[in-house]
Amino acid sequence: MEASKIITSENFVSEQNSRRDFMKQTGAILGAAGIMSMVPMGTRAAAWAAGSDAPELKEVKVGFIPLTDCASLVIASVMKFDEKYGIKIVLSKEASWAGVRDKLANGELHAAHVLYGLVYGVHLGIGGQKKDMSVLMTLSNNGQAITLSSQLKDKGVTTGGALKKLVDAEKRDYTFAQTFPTGTHAMWLYYWLASHDINPLSDVKTITVPPPQMVANMRVGNMDGFCVGEPWNNRAIYDKVGFTAATTQDIWKDHPEKVLGCTAEFSQKYPNTSRALIMAVLEASKYIDEMSNRRKVAEIIADKSYVNCPLEVIDQRLEGKYEDGLGKKWNDPNYMKFYNDGAVNFPYLSDGMWFLTQHKRWGMLKEDPDYLAVAKKINQIDLYKQAASQVKVPVPKDVMRTSKLMDGTVWDGKDPKKYAASFKVRAS
Amino acid sequence: MKFRRYFGEHLFPPMLGAALFLVVWMILAQSSEALPGPMKTLDSAIALFSDPFYQKTPNDQGIGWNILNSLGRVGVGFGLAALIGIPLGFIVGRIQFIDKMTSPIISMLRPVSPLAWLPIGLLVFKAANPAAIWVIFISSIWPMIINTAMGVRQLPQDYMNVARVLNLSEWKIFTKILFPAVMPYMLTGIRLAVGTAWLVIVAAEMLTGGVGIGFWVWDEWNNLNVEHIIIAIFVVGIVGLLLEMLLVRIAKRFSY
């Protein structure tokens, strides 16, 4: 019954077209074509808000974890892109991913900056109480990394291959950390270790701890490596406790990372608010991906209200200037991206399915789920397309994309069951 | 003369203690580059407390607001615990049957780490703030029940005999004998409870987030700002001390 209220993409487009026709006519009447290019966004937003599809909620409570990739939400709020679409984003800094999960489920947060894999885990009832979830859009690509400790460097370990040799030669407990069992960092860490023939479940110990604890433990020699988002990897170099062994863009170029997540209940009950949220964040994402704005973005998000971190720890990698802590410096073309002509933000079904294949690979899912059906249910392609067309963000034709990962395997979303079973290193 | 004696007996020992504490701290700070010394900490403390009540964004408020928010949570949780725990203590102490009935449950639940109750609170209340208050409630109720009950049990049998001879009503027994006699025990329970409550709120807020001294510490840890963490330790300690002193003062007024 809810479905009947939701505008389908067809009639939505026609409605929008008629609005555009109306605008054209008005423009013609005014006889000033120039005005169109000067005012379009604001007027269109006004028309949007005045129509029957005005956001149901004026205030949207959005949670975030203080990481560099929360930037698009912060910018949408600070630069007032939200007000343009008739909503006010109320940002709430959260203590941990488990906290974000609980507050989303409780309804204390409407939406949140959240790990892709976490949303899928909660939807299937792994890593939390089962609850139907939605992904409104992808927030960022790239920009996480795997840090290894300075102690390993002293032993001559600077690559995954050398790590494998050490793990084989010297038997002891090797401890690696990630941020949430079903989350993205766990999956990047596992994938990277497994690509070097190290089984993350049986050859080493992997634990879930908050980022500051990772750095603190690494300082006292209790942590061999971790995978986490920026600014923590740069921070480990800054504090001289570790070095960057691999960036996650090396594992998978333009990999999906954080998403704008909410409960299925929210996206069904408040489709207009969801669209307004997507539009505001899309515009912020565009703003951030103008490289000339990045310095300013770094200044804004480094503030105590947001990431609460020294500026110099954030701005380097946000601007694509990498240093690995071993003396190598480079300009990474695959730095943390927020927009990339809309390629970042489209919630590809294949992206979501990939996390399911890894959950299966590592034994978190006992049986193969209906990969495609789950991804279709979670990723709100229709909502996203409607919102994207409003703000003229290009939308890809295919809901799948093809990616080649570090070990040469290709993921295109076509045969997820076979893909999940194809890995040599896996949960026994 | 009088002052010298007072100084020697009451002021000198704590001052010496504080001075030694500072010296040890300085030595530790000298030998570790990550740990800031007393002067550096004092500098940031002055900066921090020069504007304790600013409100920049919901996620960035002065330390004063954070302390007040935490105190508010402690007040509610602790107040509810007193409201339920003290009468329960009287009943448990007065009626042997109920004592025997509840004592295994209380003995089992009392040593449970307060934070273990947080997920239960989240599940039941479906919100972070009530869950934090619930943790305060559950961790501060035990000392109140146990101490009140103990006070009731310790009541000399003679008092009760007198009451029986005078044929006092149960209400009179309560107000004229039980309550005054149990008061000191009850206040000990309350003091223990408020100590625990304040101890627990910092940990609970670290997990739930929101405005409060606990999440403030967490956020500063996220920033690896050690000076602010040390300041927070002092703030938590001093506020705890003040709460304790307040209750001692109340206790003194009621003791006979």
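Residues numbered from 1 in each chain as written. Chains lettered and ligands numbered in written order. Predicted model: local features only at pLDDT ≥ 70, side-chain atom pairs only at ≥ 80, totals over all residues.

S.K.: How would you explain the sheet that holds strand 3 (residues 111–115) of chain A if you had to name every residue and give the values?
M.R.: Residues and elements named next belong to chain A. Taking strand neighbours across the sheet as the criterion, the five strands line up as 2-1-3-10-4 in an open arrangement whose pairing is mixed. The open sheet terminates on both sides in strands that have one partner only, identified here as strand 2 (88–93) and strand 4 (133–138). Geometrically, the sheet is characterised by an average inter-axis angle of 35° between neighbouring strands, direction not taken into account. The sheet contact formed by strand 1 (residues 59–64) and strand 3 spans two bridges and is parallel. Bridge pairing in strand 3 places glycine 63 opposite alanine 112. Sheet strands in contact with helix 8 (residues 116–124) are strand 3, strand 4 and strand 10 (258–263), and its direction is about 105° off that of strand 3. (Pairing = 2+ DSSP bridges. Helix = DSSP H or I, 4+ residues; strand = E, 2+ residues; numbered from the N terminus. Axes fitted to C-alpha atoms, helices over the stretch in contact; angles between N-to-C directions. Contact = placed C-beta atoms within 7 Å.)

S.K.: Let's hear about the packing of helix 5 (residues 71–78) of chain A against helix 16 (residues 271–289) of chain A: which residues, and what values?
M.R.: Residues and elements named next belong to chain A. Between helix 5 and helix 16, the least distance of the axes is 8 Å, while the angle of their chain directions is 105°. The orientation of helix 5 relative to helix 16 falls into the category roughly perpendicular. On the side of helix 5, the interface is formed by Ala71, Ser72, Leu73, Ile75 and Ala76, while helix 16 contributes Ala280, Val281, Ala284, Ser285, Tyr287 and Ile288. Residues that form the contact of helix 5 with helix 16 fall into these classes: nine nonpolar, two polar and no charged. (Parallel < 35°, antiparallel > 145°, perpendicular 65-115°, else oblique. Nonpolar A, V, L, I, M, F, W, Y, C, P; charged D, E, K, R; others polar.)

S.K.: Account for the interface of chain A and chain B, with residues named and values stated.
M.R.: Think of interface size as the accessible area that goes away when the parts come together; that is how it is often given. Taken residue by residue, the interface counts 18 residues in chain A and 20 residues in chain B. Listing elements by their share of the side of chain A that touches chain B, those giving two or more residues are strand 2, helix 7 (97–106) and helix 12 (211–219) of chain A. Residues that form the side of chain A that touches chain B fall into these classes: seven nonpolar, five polar and six charged.

S.K.: Explain the pairing of strand 3 of chain A to me, using residue names and the numbers behind them.
M.R.: All names here are of chain A. Within strand 3, five of the five residues are buried, which leaves it mostly tucked inside the rest of the structure. In strand 3, alternate side chains face the same way, and those of Ala111, His113 and Leu115 on one face and Ala112 and Val114 on the other are all buried. With five bridges connecting them, strand 3 and strand 10 associate as antiparallel partners. Across the sheet, the residue bridging to leucine 115 is lysine 258, located in strand 10. (Buried ≥ 20, exposed ≤ 12 C-beta atoms within 10 Å, placed from the backbone.)

S.K.: Explain the environment of Leu48(B) residue by residue, including any values.
M.R.: By secondary structure assignment, the location of Leu48(B) is in helix 2 (residues 38–49). With 205 residues separating them along the chain, Leu48(B) and Arg253(B) place their C-alpha atoms 37 Å apart.

S.K.: Could you give me a rundown of the confidence of the model for chain B, with the residues and numbers involved?
M.R.: Mean pLDDT over chain B works out to 87, with 98% of the residues at or above the 70 mark. Taken together, the chains of this predicted complex give a pTM of 0.79 and an interface ipTM of 0.72. (pLDDT = per-residue confidence, 0-100.)

S.K.: Before we move on, can you summarise the pairing of strand 9 (residues 242–247) of chain A with the specific residues and values?
M.R.: Residue and element names in this part refer to chain A. With six of six residues buried, strand 9 lies mostly within the body of the structure. Note: strand 5 (residues 144–149) against strand 9, five bridges, orientation antiparallel. Residue pairing across strands places threonine 147 opposite threonine 244, the latter belonging to strand 9.

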